[in-house]
Amino acid sequence: GPGLKVLRSLQSDLFPQKAMRILIVVSGLVVGTIPRACVPPHDKYEFCDASKPLEERVNDLIGRLSLEEKPYLLVARESPKGNISRLGVPEYDWGGNCIHGVQSRCSADGTCPTSFPNPNTLGATFNRSVWEGMGKVIGLELRALWLQGVGENHESNLPHIGLDCWSPNINIVRDPRWGRNLETPGEDPFLCGQFGAKVTSGLQGGTLDPRYLQAVVTLKHFDANSLEGPWGEFGQINRHTVNANLTMYDLHSTYLPAFKTAVEDGGALGVMCSYNAVNGVPTCASEYLLKEVLREDWGFEGYVTSDSGAVEDVMKNHHYTKNWDDTVSATLQAGCDMESAPWPKDHPWATDGPYISYIPSAVKAGLLAETDVDEALRHTLMLRFRLGLFDPIDDQPYWHVDPSVVRQQEHEDLAIDSTRQGLVLLKNDEKLGLPFQAGKKVAVIGPHANDNTAILGNYLGQMCPTFGSNDCVQTPCDAITKLNAADGGSTVCVEGVKVNSANVSGIGAAVAAAKAADYVVYIGGLDGSIEAEGKDRHDIGLPGSQPALLKALTGLNKFLVTVLYHGGIIAMPKADVAAVPSVVSAGYPGFYGARVMAEALFDTKAAEAPNRFGRLAVSWFLQEEWEAGNYDMLDFAMTAGKGRTYRYYKDDQELALPFGFGLSYSKFGVTASGSGNKVVARVANSGRAGDAVVLLYIRPQTGTVPSKEPAARLVRQLADFARVAVDKDGEAQVEFHLTSKSVELFNEDGKVQVFEGGYDVILSCGDKGAEATVPIHCNKHGCTVDSVVVV
């Protein structure tokens with residue numbers, strides 16, 4: 001538009017097949033909407049001199065602050081209040097969310113941020129390039145929306161969103177009842193670590209200017225956060241009160257590794273401490289976690305924020321401290337740099353909090369050294385400087401990102417492709433299964449048939465230009481109707497039942513529609529009324545009257561597929577699963593989910609259905625298997641009883657749907673060869689072109705790990721993975737290089753240890769019958785295939 005001048009266009013490495021053009025603007029309203037530091041008359045301070053080292057500049061700014069001013073720079077969600085006007089330091093909102101897209105309002109012209117599938121669907125892709133690509137998209141769109149003065153996705157459009165993201169969530173899926181399973185990629189620490197590292201790399205690094213951070217991630221929730229509540233005899237145990245009692249082995253081998261990988265390999269510069277306590281110490285007051293592990297052991301150089309209200313929990317719910325001065329002293333001294341303060345009801349930003357109210361008095365009482373406050377300021381302010389917020393903007397591309405990058409076609413294409421790769425085909429009958437043929441009579445049945453809300457999951461930016469409406473989100477009924485009609489078919493859509501209602505009055509109409517159809521697509525499962533932040537499930541079965549409707553449909557002996565929305569798994573009886581011809585796990589597939597599901601289920605005259613299914617990133621129990629486990633939600637131990645997650649579950653490969661399982665419209669087989677430290681997987685495809693996911697597991701051979709060590713309970717452990725496209729009736733090859741790190745385990749003290757001895761490398765394509773094993777020998781110096789083998 002007028003006043004906008006194109007400075008340059010950049011080739012992006014985000015989309016190797018189609019370059020993305022980024023328009024950089026140097027004048028006009030886009031730049032002018034953001035309050036800036038170091039502008040006249042506040043441009044002569046030493047901290048404004050961009051030629052000086054960052055450490056000197058940050059220290060100069062801190063030295064100019066009064067004790068009473070300092071806390072205002074240490075409280076998230078304080079914008080638009082958190083500024084130091086006399087020094088020209090503007091407000092800054094810490095705490096925007098970016099779980100699977102920028103959680104902001106749409107821009108003034110009605111362009112809304114790109115939304116990806118939820119992380120549990122993303123985890124099932126087993127694709128690092130998808131995760132890093134999403135990070136790049138989110139980081140770039142965040143810059144563009146920030147430049148336009150867009151607020152967080154609240155009705156008030158405030159506070160104005162900042163440049164740090166409270167994401168990704170890389171807590172493991174410890175238990176399917178946890179209400180936030182949809183926010184995290186899966187149950188495996190290695191998988192979650194790779195996800196965290198790649199999202200971090202894409203979001204923080206960007207492609208426009210290596211001098212500055214594009215944005216800042218905040219890994220959450222540190223640590224052992226996997227319970228919402230209510231639990232206990234009186235419902236008194238919830239995420240604000242629970243204490244996770246952990247052995248050092250479990251802490252270091254299961255709950256910490258994902259964060260370690262995201263910090264050390266991804267370079268993450270933000271971490272959020274969680275509501276819960278670990279071994280009696282609230283995580284936001286834990287010097288062991290925040291200083292000894294995070295900063296000293298891992299070399300973390302960023303900032304730590306509390307979860308919203310977690311500083312208050314230290315005293316109010318964990319009773320760890322006796323008064324507010326003690327509380328802010330304990331958390332700051334432990335390494336919690338920033339407090340995310342609670343905010344009043346119907347008010348979009350914080351107005352106060354323990355840090356603002358009590359840091360000055362704690363310092364004056366001698367409970368807290370002002371140098372501790374200054375250290376917290378260094379950690380937080382350094383990032384604002386590294387974002388380029390205190391430097392001249394003329395030559396900073398990140399200050400001139402064109403608004404047109406938001407939801408541009410390349411971003412949508414990546415979101416659509418990532419959704420395709422996240423659907424998991426759990427069952428497919430040879431006679432009555434997928435893919436269906438478009439152009440026939442189709443009945444779309446189930447509580448999500450006409451849904452345009454549950455499909456999106458949680459932690460959402462504004463989806464559609466009309467605030468509060470999802471009218472631009474396609475429903476499964478809409479998507480299937482459109483695809484089927486293009487080939488001359490007809491479609492009817494009948495819900496039959498609600499998600500969690502006992503009402504069965506609509507089942508008759510649904511069954512009648514199914515009887516008249518050639519193909520039946522059942523869309524059901526869960527939604528946010530059943531599993532959510534602050535709300536765990538106590539029953540992990542298919543809720544309400546859905547089992548009754550599904551039983552009626554399977555009795556028709558029709559072509560039928562059941563598509564399930566879920567965060568945590570849905571444990572159905574063995575007989576019910578056996579009766580359903582085909583089952584697809586969709587997670588919460590997001591904004592483009594309806595279109596992607598329609599395309600995945602149907603061949604059309606123009607094209608075969610995409611054959612790009614993912615693999616389970618969690619163990620999926622049948623009802624009988626789950627009940628046999630008798631798991632205690634309050635027990636955080638991984639090796640107790642039958643063991644938690646596939647890594648310790650004694651009967652892992654006896655599960656009908658184990659971790660890593662997934663089918664395809666093709667039949668993949670895998671053979672392996674190895675020499676030196678290299679293992680080669682050869683994937684053969686007997687069927688249509690499609691994606692194979694090759695998972696590499698490590699299993700210690702008998703006697704390698706001493707029986708007294710808890711690691712002796714390990715069944716198998718993911719050490720690498722790759723997704724590869726395989727042509728019709730073709731072959732593909734994947735090389736893996738093993739090092740001592742591939743077989744790093746932990747001793748009972750939680751220390752990393754490579755147990756010298758034999759290990760089996762297990763290569764799997766997802767189907768339990770498609771595995772190959774290569775024996776190797778490892779010590780602290782590395783791993784070697786026992787001899788040149790072909791299996």
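Remember, predicted model here, so these are calculated numbers, not experimental data. (Residues numbered from 1 in each chain as written. Predicted model: local features only at pLDDT ≥ 70, side-chain atom pairs only at ≥ 80, totals over all residues. Heavy atoms only, no water.)

Student: Is there a simple way to explain the nonpolar core in this structure?
Tutor: Proteins that are soluble and globular tend to have nonpolar side chains buried together. In this structure, F602, L763 and I776 are the most contacted members of the largest nonpolar core, which totals 253 residues. Top element by residues in this core is helix α4 (residues 128–147). It accounts for eleven residues. In this structure F602 touches F436, Q437, A438, V442, I480, L483, Y519, V521 and A609, once residues within four positions along its chain are discounted. (Core = buried A, V, L, I, M, F, W, Y, C linked by side-chain atoms within 4.5 Å. Buried < 20%, exposed > 50% of the residue type's maximum accessible area, 1.4 Å probe, protein only. Helix = DSSP H or I, 4+ residues; strand = E, 2+ residues; numbered from the N terminus. Contact = heavy atoms within 4.5 Å.)

Student: Is there a simple way to explain the sheet that holds strand β11 (residues 424–428) in this structure?
Tutor: Strand-to-strand pairing in sheets goes through backbone hydrogen bonds, with the strands running parallel or antiparallel. Strand order in the open sheet made by the six strands is β11-β17-β16-β15-β13-β14, with mixed pairing throughout. Edge strands, defined here as strands with exactly one partner in the open sheet, are β11 and β14 (490–494). On average, each strand axis in the sheet is inclined to that of its neighbour by 20 degrees, with strand direction left out of account. Where strand β15 (residues 519–525) and strand β16 (residues 559–565) come together, seven bridges link them in parallel fashion. Across the sheet, the residue bridging to I523 is V563, located in β16. (Pairing = 2+ DSSP bridges. Axes fitted to C-alpha atoms, helices over the stretch in contact; angles between N-to-C directions.)

Student: For this particular structure, what's the right way to read the state of the cysteines?
Tutor: One covalent bond between the sulfur atoms of two cysteine residues makes up a disulfide. Counted according to the given criterion, the structure contains seven disulfides. Here C98 pairs with C165 through a disulfide, and the sulfurs are 2.1 Å apart. Since a negative S-S torsion denotes a left-handed disulfide, the C98-C165 link at about -65 degrees is left-handed. Of this pair, C98 sits in the loop between β1 (75–76) and α3 (119–123) while C165 sits in strand β2 (residues 164–165), placing them 67 residues apart in sequence. The two residues C98 and C165 agree in class, both being buried. (Disulfide = S-S within 2.5 Å.)

Student: It is not clear to me how the side chain of Q214 should be interpreted in this structure. Could you clarify?
Tutor: Here Q214 is to be found in the loop between α5 (189–205) and β3 (216–217). Among the residues examined, Q214 registers a relative accessible area of 1% and is labelled buried. Within the local environment of Q214, its side chain forms a polar contact with the backbone oxygen of G202, the two atoms lying 3.5 Å apart. Engagement of the side chain of Q214 in a polar contact is seen with the backbone oxygen of L203, the distance being 3.0 Å. (Polar contact = N/O pair within 3.5 Å; in protein donor to acceptor, adjacent residues only side chain to side chain.)

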